[in-house]
Amino acid sequence: MPLINVIPGEKIPTAPLNTRLPVWRIPGWLLLFVWLARGTARSVVLAVRYWWITGPAFAGAWVSERYGWKVALGVALVLLVAGCTWWRLHPSTWLQFGWYPAVGRIRRLWVYRRGWTAAMTACGLVGVHGGGRWIPRLLTVRSNKWGDRVTVRLLPGQHPDDWATAAPRLAYTFCLREARAFTTDRPDRMVLHFVRRDPLAALVGPLPVPEVPDFAGLTLGVREDGDPYRLRLTGSHVLIAGATDSGKGSVVWSLLRSMAAGIASGVVEVWAFDPKGGMELAAGGPLFARFAYDDPDSMAGVLEEAVKRMKSRAARLRGFTRQHVPTADDPLIVIVIDELAALTAYLTDRKVRDRIKESLSLLLSQGRAVGIHVVAALQDPRKDVLPFRDLFPTRIALRLTEPGHCDLVLNDGARDRGALCDEIPETMPGVGYVVLDGVREPVRVRFSYLNDDEIAELAVTYARPQIGGDQ
């Protein structure tokens with residue numbers, strides 16, 4: 001048996017199991033001394049731990065004792081006026097450095113710390129070692145307008161999936177709306193995101209069009225923590241899956257809007273495919289360098305043209321660079337397909353379907369490095385409909401009809417980690433979960449919505465430049 005066992009957690013006191021221990025008679029005065037010493041030490045530890053309470057209290061008591069209660073009251077009023085002035089003059093910094101840190105400390109003490117042991121025990125997150133029970137340590141609580149980010153230290157033997165499974169139960173335990181578990185850069189820590197107010201409940205309107213699009217972070221909507229969501233298009237392809245009226249158009253038009261300045265300057269070329277006869281994408285016609293919407297054979301031809309462009313560009317860049325840099329003379333090509341299944345599964349002409357599948361497979365496997373990216377949307381995520389799902393590094397799942405479809409679109413185990421796509425209400429179109437290759441946890445996002453008038457205005461304002469020979 002080792003001499004020392006170190007468990008990074010807090011031990012839960014338990015009754016002794018062995019009743020055959022020797023009985024020691026201790027004098028009463030010694031018990032009183034031990035009790036006083038223990039109480040004093042505990043008080044000192046608590047005073048240091050909660051310095052933000054004890055510090056002002058001791059300072060107020062000292063000022064009141066030294067200068068009188070009127071002076072202490074005057075100092076408190078001055079601090080109150082200073083805080084109100086700060087709040088009125090610069091509310092953003094007041095919330096960031098004043099209000100939200102105070103809310104986080106209070107909620108750590110009053111909400112989480114008070115019921116932490118019971119919550120860990122009830123949710124099965126308690127460890128057993130050396131005859132004792134240990135609970136994960138609550139480290140910090142960071143609050144904002146929407147919720148709390150609670151950082152905890154894992155016990156030995158725990159896995160992030162244990163916390164992802166327990167997160168919904170923890171939310172109900174602490175009387176909150178929702179909870180999600182996220183890993184950190186430290187393998188012994190987890191962050192629990194508790195939602196008090198849903199930032200995705202309200203519709204997200206059109207976002208500002210950046211003067212220069214940042215393809216490493218295109219702003220498309222709002223994250224579940226209230227921050228802007230930025231999609232990385234560089235070095236990626238994007239798959240969008242969702243049931244009817246789930247908001248797939250919101251994702252596509254948000255992406256086009258974020259690249260609109262690049263389209264107008266010629267740095268971006270959009271090749272659009274709309275197998276529904278152009279009903280979905282026709283309003284953005286002036287934005288597109290290619291627009292195929294009627295004949296499947298012509299769509300196959302345009303995709304084969306994209307493959308030729310990809311191969312010629314790869315031959316030109318080979319030996320000079322490993323990543324294409326878009327310019328007006330050598331633009332980024334974004335291939336947008338509104339209903340991918342109509343091209344890969346529902347075509348009756350087998351030869352045309354095979355041509356399309358071959359071209360898409362080549363573009364998805366070789367196009368990223370040379371600046372050719374595929375953004376595809378579909379309703380049916382089954383593997384026989386989409387055989388090359390794994391070639392999309394970025395996958396977005398909106399509202400889906402069946403629980404099993406969540407893992408089909410995102411990756412295995414995504415629903416267990418919080419991607420409840422089948423539970424998204426029909427009244428919240430544009431809400432979905434995003435998964436990136438190499439990232440365990442899905443991110444909940446609401447994409448911005450553009451109505452018909454805003455799409456028409458976007459197409460007129462940021463129409464692509466007309467070049468001789470355009471078709």
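Our subject is the structure that appears above.
Now for a quick tour of the structure.

The rules we used
- Residues numbered from 1 in each chain as written.
- Predicted model: local features only at pLDDT ≥ 70, side-chain atom pairs only at ≥ 80, totals over all residues.
- Heavy atoms only, no water.
- Patch = residues over 30% accessible without salt bridge, like charges linked within 9 Å, V, L, I, M, F, W, Y side chains within 5 Å.
- Areas by Shrake-Rupley, 256 points an atom, 1.4 Å probe, with all protein chains shown as cover.
- Salt bridge = Lys/Arg side-chain N within 4 Å of Asp/Glu carboxyl O.
- Helix = DSSP H or I, 4+ residues; strand = E, 2+ residues; numbered from the N terminus.
- Pairing = 2+ DSSP bridges.
- Axes fitted to C-alpha atoms, helices over the stretch in contact; angles between N-to-C directions.
- Contact = heavy atoms within 4.5 Å.
- Expected span 1.5 Å × (residues − 1).
- Bend = angle between axes of the 7 residues up to and from the residue.
- Buried < 20%, exposed > 50% of the residue type's maximum accessible area, 1.4 Å probe, protein only.
- Phe/Tyr/Trp six-rings, centres within 6.5 Å; stacked < 30°, edge-to-face > 60°.
- Lys NZ or Arg CZ within 6 Å of the ring centre and 35° of its normal.

A few points about a nonpolar patch on the surface
A cluster of nonpolar residues, Trp-62, Tyr-67, Val-71, Val-75 and Leu-79, forms a patch on the protein surface that exposes about 520 Å² of accessible area. Per-element tally for the nonpolar patch: the top contributor is helix 3 (residues 69–89), with three residues.

Observations regarding the sheet that holds strand 13 (residues 372–378)
Read across the open sheet, the ten strands follow the order 8-7-16-15-14-9-13-12-10-11; overall the sheet is mixed. A single partner strand is all that each edge strand has here, and the edge strands are strand 8 (228–231) and strand 11 (288–292). Each neighbouring strand pair of the sheet contributes to a mean axis angle of 25°, computed without reference to strand direction. Bridge count between strand 7 (residues 218–223) and strand 8: four bridges; the pairing is antiparallel. Note that in strand 8 the partner of Val-222 across the bridge is Pro-228. Running at roughly 150° to strand 10 (residues 268–273), helix 8 (residues 296–317) makes contact with strand 10, strand 11, strand 12 (332–337) and strand 13 of the sheet.

Thoughts on helix 5 (residues 160–173)
Helical geometry note: an α-helix holds 3.6 residues per turn, so side chains three or four residues apart project in the same direction. Taking 1.5 Å per residue, 14 residues should reach 20 Å; helix 5 reaches 19 Å between its end C-alpha atoms and fits that length. Of all the bends in helix 5, the greatest reaches close to 45° and is centred on Ala-167; the proline Pro-168 follows between one and four positions later. When helix 5 is considered as a whole, its buried residues turn out to be Pro-160, Trp-163, Ala-164, Ala-166, Ala-167, Leu-170 and Ala-171. Close packing links the buried residues of helix 5 with helix 4 (91–122), strand 3 (132–143), strand 4 (147–153), strand 5 (178–183) and strand 6 (189–195).

Points about unusual backbone geometry
Positive phi, close to 60°, is recorded for Cys-175, a residue that is not glycine. Checked against the element boundaries, Cys-175 lands in the loop between helix 5 and strand 5. A residue is classified by how much of its surface remains accessible, and Cys-175, at 69% relative accessible area, is exposed.

Structural notes on the pattern of salt bridges
Within this structure, the stated rule accounts for 18 salt bridges. We note a salt bridge from Arg-415 to Asp-422, for which the minimum N-O separation is 2.9 Å. Classification of Asp-422 as partly exposed rests on a relative accessible area of 23%. In this structure, Glu-423 and Arg-415 form a salt bridge, with 3.3 Å as the shortest nitrogen-oxygen distance. Here Glu-423 falls in the exposed class, since its relative accessible area comes to 52%. The exposure class assigned to Arg-415 is partly exposed, which follows from its relative accessible area of 22%.

Observations regarding the environment of Pro-429
The residue Pro-429 is located in the loop between helix 11 (403–409) and strand 15 (431–436) in this model. As for Pro-429 and Ala-272, which are separated by 157 residues in sequence, their C-alpha atoms are 23 Å apart. Not counting chain neighbours up to four residues away, the residues in contact with Pro-429 comprise Asp-245, Ser-246, Gly-247 and Arg-446.

So, the packing of aromatic side chains
Under the criterion given, the structure shown has eight aromatic pairs. Pairing Trp-86 with Trp-94 gives two aromatic rings, centres 5.4 Å apart and planes at 75°, and the pair type is edge-to-face. Given the relative accessible area of 35%, Trp-86 is considered partly exposed. Connected via pairs of aromatic rings, a cluster forms that spans Tyr-112, Trp-116, Phe-174 and Phe-194. Lying over the aromatic face of Trp-87, Arg-88 brings its terminal NZ or CZ to 5.5 Å of the ring centre. Its guanidinium or amino end placed over the ring of Trp-110, Arg-114 lies 4.2 Å from that ring's centre, counting from NZ or CZ.

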